[in-house]
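# Notes for the structure review
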Amino acid sequence: MSSSEDLQYPKRLLAYTDGFLVSKTMFTACELGVFDLLQEAGAPLSSATIADRLHVSGDGMERLLCACVGLELLEIEMNKTEAFYRNTDLSATYLTTSSPKSLLPMMIYYSQTAYKYWDYLADAVREGTSQHERSFGTSSKDMFDALYRSEDEMFKFMRLMNSVWILCGKDVITAFDLSSFQKVCDLGGCSGALAKQCILANPNSTVTIYDLPKVVQIAKRHFLSTEEHRIQFYEGDFFEDPIPEADLFILARIIHDWKEDKCLRLLSKVYNSCKSGGGVLLVETILNEDKRGPLTAQLYSLNMLVQTEGKERTASEYKKLLSAAGFTDIEVKTTGKIYDAILGRK
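Residues numbered from 1 in each chain as written. Predicted model: local features only at pLDDT ≥ 70, side-chain atom pairs only at ≥ 80, totals over all residues. Heavy atoms only, no water.

## Description of the overall build of the protein
Rules: Strands are runs of DSSP state E lasting at least 2 residues, helices are runs of H or I lasting at least 4, and numbering of each runs from the N terminus. Note that the radius of gyration is over C-alpha atoms, with the globule rule given as 2.2 Å times the number of residues to the power 0.38. Remark: exposure states derive from per-residue accessible area (1.4 Å probe, protein chains only) relative to the maximum for the residue type, with buried under 20%, exposed over 50%, and partly exposed in between. Should any heavy atoms of two residues lie within 4.5 Å, those residues are considered in contact.
Within the protein one finds 17 helices and 12 strands. Relative to the 2.2 N^0.38 estimate, which gives 20 Å for 346 residues, the radius of gyration of the protein is 22 Å and therefore close to what a compact globule would have. Projected onto the principal axes, the alpha-carbon positions of the protein cover approximately 70 × 55 × 40 Å. A burial count over the protein gives 48% of its 346 residues as buried. At a minimum sequence separation of 6, the contacts of the protein that also span at least 24 residues come to 66%.

Structure below.
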């Protein structure tokens, strides 16, 4: 419902209109290394110094820094007529490479990959199909062939997922008591960040990361140390290849990638490989039953349209899929963050 204030002056609409300007300003500062430079400097720097060290134009950098101050991503100090800039606590915590909570990979992925897809949102809505070919010139029908069109792009996506689970992984893994599940299989486990959270939450468990061979190789090289001996790997395509037996299967941001028939096919395979008394944990962004929110889930569902063949779903829709695959005693818990948890048992 529109407020009378909005009807007098459409402040909210104008804020929505400027939304992409805001995000692209933040993305650009991340890509250019502004926050990393200021963090490494340990002291406020002038616009001219920042521009010189990052090898960009002085005028352009001054405007970018000014906008970042307006977004409360930078703080400004005046020394006579010269401005000096430093990171806010927010940008130092989430937008710098050195921070253990860094979301910098997410910003880079959104800027360089997702942003290009969204340029074709109108086409996706008209056609009801993903926009791989228009966005990147690939005609691949397979989503992951398109998303992983190069090792660099694959690494970029894996860094995104790694940062997501560093931020939200503990919440979804501890949403239920999973201590009775000793042998865990993380389907599409990617970088292994969620597997690490599972091990921390349940020290007596072992986790097998099941993913495509090329993903597993990058995970071993860049994301998992040799000391993490309770995390193992299984290379394969879980739609086409056998799924190893386990007490608990984790499918984090997997089901939302696919249409219902493919989801049911995968969940049925999982059910058959699940030990009696075992379970499956789905980690997804859940839409409200009345479809009125949350906004993040609604926007993510549009993102699935432009990038995949899937969508975000309500809790009842996930329950229906799990029930059709044979799972019972299905529970749903919201975390108050981006991702929620659904647990089904065999």
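The discussion continues.
## Notes on the sheet that holds strand β12 (residues 340-345)
Put simply, the rule reads: If DSSP finds at least two bridges between two strands, the strands pair. Lines fitted to C-alpha atoms define the axes here, with helix axes fitted over just the stretch in contact, and angles between the N-to-C directions of these axes take values from 0 to 180 degrees.
Spatially, the seven strands line up as an open sheet ordered β6-β5-β4-β7-β8-β12-β11, and their pairing is mixed. Pairing within the sheet leaves two strands with one partner each, and these edge strands are β6 (231-235) and β11 (328-333). Recorded for the sheet is a direction-independent mean angle of 20 degrees between the axes of neighbouring strands. Alignment of strand β7 (residues 246-252) against strand β8 (residues 274-284), held across six bridges, turns out to be parallel. Following the sheet pairing, A252 is matched in β8 by V283.

## Thoughts on the pairing of β8
For clarity, the cut-off: Consider the strands pointing away from the viewer: the crossover is right-handed when the path from the first strand over the helix to the second runs clockwise.
Counting buried positions along β8 yields eight of 11 residues, so the element is predominantly enclosed. Considered for its hand, the β-α-β crossover made up of β7, helix α15 (residues 260-273) and β8 is right-handed. Judged from the six bridges that link them, β8 and β12 form a sheet pairing that is antiparallel. Within β12, the position partnered with G279 by the bridge is R345.

## Points about the packing of helix α3 (residues 19-32) against helix α6 (residues 58-70)
The line we're drawing: Any angle that falls under 35 degrees is termed roughly parallel, while one over 145 is termed roughly antiparallel, one within 65 to 115 roughly perpendicular, and all others oblique. By the definition used in this description, the sense in which the near helix is turned from the far one sets the handedness, with an anticlockwise turn below a right angle giving left-handed and a clockwise turn giving right-handed. Polar here means any residue other than Ala, Val, Leu, Ile, Met, Phe, Trp, Tyr, Cys and Pro, which are nonpolar, and Asp, Glu, Lys and Arg, which are charged; Gly is therefore polar.
With their axes 10 Å apart at the nearest point, α3 and α6 run at an angle of 120 degrees to one another. Comparing the axis directions of α3 and α6 gives the class oblique. The two elements α3 and α6 cross, and the hand of that crossing is left-handed. From α3, T25, T28, A29 and L32 reach across to α6, where they touch M61, L64, A67 and C68. Among the residues making up the contact of α3 with α6, the classes are represented as six nonpolar, two polar and no charged.

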